[in-house]
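Structural characterization, general
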2 protein chains.
Amino acid sequence: MGNVTADISVSLDGFIAGPGDGVDNPLGDAGERLHEWVFGLATFRERHGMPGGETNRDDEILEESIRETGAVVLGRRMFDNAKGWGDDPPFHVPVFVLTHETRDDLAKQGGTTFTFVNDGVESALAQARVAAGERSVAVGGGANTIQQFLSAGLLDELQMHIVPVLFGGGIRLFDGLGTELVELETTRVVESPGVTHLKFRIAR
Amino acid sequence: MGNVTADISVSLDGFIAGPGDGVDNPLGDAGERLHEWVFGLATFRERHGMPGGETNRDDEILEESIRETGAVVLGRRMFDNAKGWGDDPPFHVPVFVLTHETRDDLAKQGGTTFTFVNDGVESALAQARVAAGERSVAVGGGANTIQQFLSAGLLDELQMHIVPVLFGGGIRLFDGLGTELVELETTRVVESPGVTHLKFRIAR
């Protein structure tokens, strides 16, 4: 059985979206700053139908994360914010969306399917595990969804791409977790010019 | 003129003290967890009058930070919490304490002097710069004091020792900073078994 992982870009002060976030501005003002390290990479460009791009250590890390992912779990807000990612979403694996609604599955181009799960996190994870097989289930966000997985003790691995910028506001990755101490083990540290990649295993 | 620096241990979720912090429990429950990486180091032991200890990469980083520090600025809450650090405080340099009171200077053993500054952060910094000479002024904490220096654009360097633990509550290092974007440059990343040392230069 694969790992349950979360892999996310975060500001040095712990925000995954900047101040001023809202329905029409899901990353907030300056939130795209967190993802600048990704846009020029060959793996990112390929998945968005563009040629070329850089093939550096950052690209290897992105490629590894994608290669190991067999299914994705998302919160509904993230799905709505992205308006379902159009006809050809960048996932190319089964995606399970946590919602309170009853909604039909959606099959898109390129192997992305959206299944809407309205009976909770554990159910979404069980379905995603079956879909992922030997590969990992990636908890794709938003913050609230990652927090639900962390609080329930369901996350095995966490990778944070720390961007050296202070937002001073926005949506925190770590919030409302409860105050039980959670120990992690740092399993990898990679320094790049514009981002530091920290990978952790979460102790049980 | 030396740099103005802050050098602080922080949980992965951004806390410098754990939940339950208060006057009688300044680090909060489990807050000492953040400083475990320091207690066994030769440099720490030497400064607290104990022989032996480890001389690894962590120790070099601690020693560097101490060697470069010519003066310290602290908040009054931190001074009070530590009850003035007894007769032989571990600083061994002039310390400037931000306060609203008028209070006489204190000279302790080993070269530590405490000067109480009641006319603001800029005044404390100016006095600390004179005392530090070519060396750095270290903003020693607490969080609120570091935040004042950050917000006022007075900090040149920041070193965070990230301990892979989630507290879920306590005192945040980054809080109430205002939402003007602050860019930093990552200048050093050092991975150790129990702590990751990230060093930044703050852009102006």
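Conventions adopted
- Residues numbered from 1 in each chain as written.
- Chains lettered and ligands numbered in written order.
- Predicted model: local features only at pLDDT ≥ 70, side-chain atom pairs only at ≥ 80, totals over all residues.
- Heavy atoms only, no water.
- Salt bridge = Lys/Arg side-chain N within 4 Å of Asp/Glu carboxyl O.
- Helix = DSSP H or I, 4+ residues; strand = E, 2+ residues; numbered from the N terminus.
- Buried < 20%, exposed > 50% of the residue type's maximum accessible area, 1.4 Å probe, protein only.
- Contact = heavy atoms within 4.5 Å.
- Buried area = accessible area lost by both parts, 1.4 Å probe.
- Polar contact = N/O pair within 3.5 Å; in protein donor to acceptor, adjacent residues only side chain to side chain.
- Nonpolar A, V, L, I, M, F, W, Y, C, P; charged D, E, K, R; others polar.
- Pairing = 2+ DSSP bridges.
- Expected span 1.5 Å × (residues − 1).
- Least-squares fit on C-alpha atoms with pLDDT ≥ 70 in both.
- Phe/Tyr/Trp six-rings, centres within 6.5 Å; stacked < 30°, edge-to-face > 60°.
- Lys NZ or Arg CZ within 6 Å of the ring centre and 35° of its normal.
- pLDDT = per-residue confidence, 0-100.
- Axes fitted to C-alpha atoms, helices over the stretch in contact; angles between N-to-C directions.

Per the stated rule, a full pass over the model turns up 19 salt bridges over all chains. The shortest N-O distance in the salt bridge between A:E157 and A:R201 comes to 3.5 Å. With A:E157 in strand β8 (residues 157-163) and A:R201 in strand β12 (residues 196-202), this residue pair connects regions lying 44 residues apart in the sequence. Residue classification places A:R201 among the partly exposed residues on the basis of a relative accessible area of 31%. Between B:R103 and B:E101 there is a salt bridge, with its nearest N and O atoms 4.0 Å apart.

Bringing the interface of chain B and chain A into the picture now. Chain B puts 33 residues into the contact, and the matching count from chain A is 33 residues. Taking both sides of the interface into account, the surface hidden between chain B and chain A amounts to around 2,900 Å²; carbon and sulfur atoms contribute 65%. When the area that chain B buries against chain A is broken down by residue, the three leading residues are B:L12, B:P164 and B:L166, summing to 21%. Taken together, chain B and chain A are joined by four salt bridges. We note a salt bridge from A:E183 to B:R33, for which the minimum N-O separation is 2.7 Å. On inspection of chain B and its partner chain A, the count reaches eight residue pairs in polar contact (both at pLDDT 80 or more). Looking at the side of chain B that touches chain A, the elements that each hand over two or more residues are β8 (157-163), β9 (165-166), β11 (182-191) and β12 (196-202) of chain B. Take the side of chain B that touches chain A: its biggest share by element is seven residues, from β11(B). Looking at the side of chain B that touches chain A residue by residue, the classes come out as 19 nonpolar, six polar and eight charged. Relative to β9(B), strand β11 (residues 182-191) of chain A is paired through two bridges, and the arrangement is antiparallel. What sits directly across from A:E183, in β9(B), is B:V165.

Two residues of an α-helix separated by three or four positions point the same way, owing to the 3.6 residues in each turn. Residue and element names in this part refer to chain A. Look at helix α5 (residues 121-132): 16 Å from first C-alpha to last across 12 residues, which is about the 16 Å you get at 1.5 Å a residue. If you check which residues of α5 are buried, you get V121, S123, A124, L125, A128 and A132. Turning to α5, the residues buried within the fold contact β1 (4-11), β3 (69-75), β4 (94-98), β6 (113-117), β7 (136-141) and α6 (143-151). Backbone geometry just after α5 places G133 at a positive phi near 60°.

Moving on to the relation of the copies chain B and chain A. Between the two copies, chain B and chain A, the superposition gives an RMSD of 0.0 Å; the rotation angle is 180° and the shift along the axis is 0.0 Å. The transformation relating the two chain copies, once decomposed into turn and shift, fits a two-fold axis. Taking the C-alpha atom as reference, chain B places B:G14 closest to the rotation axis, 3.5 Å from it.

Throughout the structure, instances matching the rule amount to 14 aromatic pairs over all chains. With centroids separated by 5.5 Å and ring planes inclined at 65°, the aromatic side chains of A:F39 and A:F44 adopt a geometry described as edge-to-face. Note on B:W85 and B:F91: the rings are 4.8 Å apart at their centroids and 85° apart in plane angle, and the pair reads as edge-to-face. By relative accessible area, which is 16% here, B:F91 ends up buried. An aromatic cluster of at least three residues, connected via ring pairs, comprises A:F79, A:W85, A:F91, A:F114 and A:F116. A cation over an aromatic ring shows up here: A:R103 above the ring of A:F116, its NZ or CZ 4.4 Å from the ring centre.

Turning our attention to the pairing of β6(A). Residues and elements named next belong to chain A. Of all five residues making up β6, four are buried, and the element is well covered by its neighbours. Relative to β6, β4 is paired through five bridges, and the arrangement is parallel. By the bridge assignment for β6, F96 is matched with T115. In this structure, strand β5 (residues 106-107) lies alongside β6, joined through two bridges in antiparallel fashion. From the neighbouring strand, A107 faces β6, where its bridge partner is T113.

Averaged over all residues, the pLDDT of chain A is 94; the fraction at 70 or higher stands at 99%. Overall fold confidence (pTM) sits at 0.95, and the ipTM for the predicted complex is 0.94.

A word on the sheet that holds β8(B). The strand order across the open sheet formed by 10 strands is β9(A)-β11(B)-β12(B)-β8(B)-β1(B)-β7(B)-β3(B)-β4(B)-β6(B)-β5(B), and the pairing between neighbours is mixed. What marks the edges here is a single partner per strand, and that holds for β9 (165-166) of chain A together with β5 (106-107) of chain B. Bridge count for strand β3 (residues 69-75) of chain B against strand β7 (residues 136-141) of chain B is five bridges, and the pairing is parallel. Considered in β7(B), the bridge of B:V72 is made with B:A138. In this fold helix α6 (residues 143-151) of chain B packs onto β9 of chain A together with β1 (4-11), β3, β4 (94-98), β7 and β12 of chain B, with an angle of close to 135° to the strand it touches most, β7(B).

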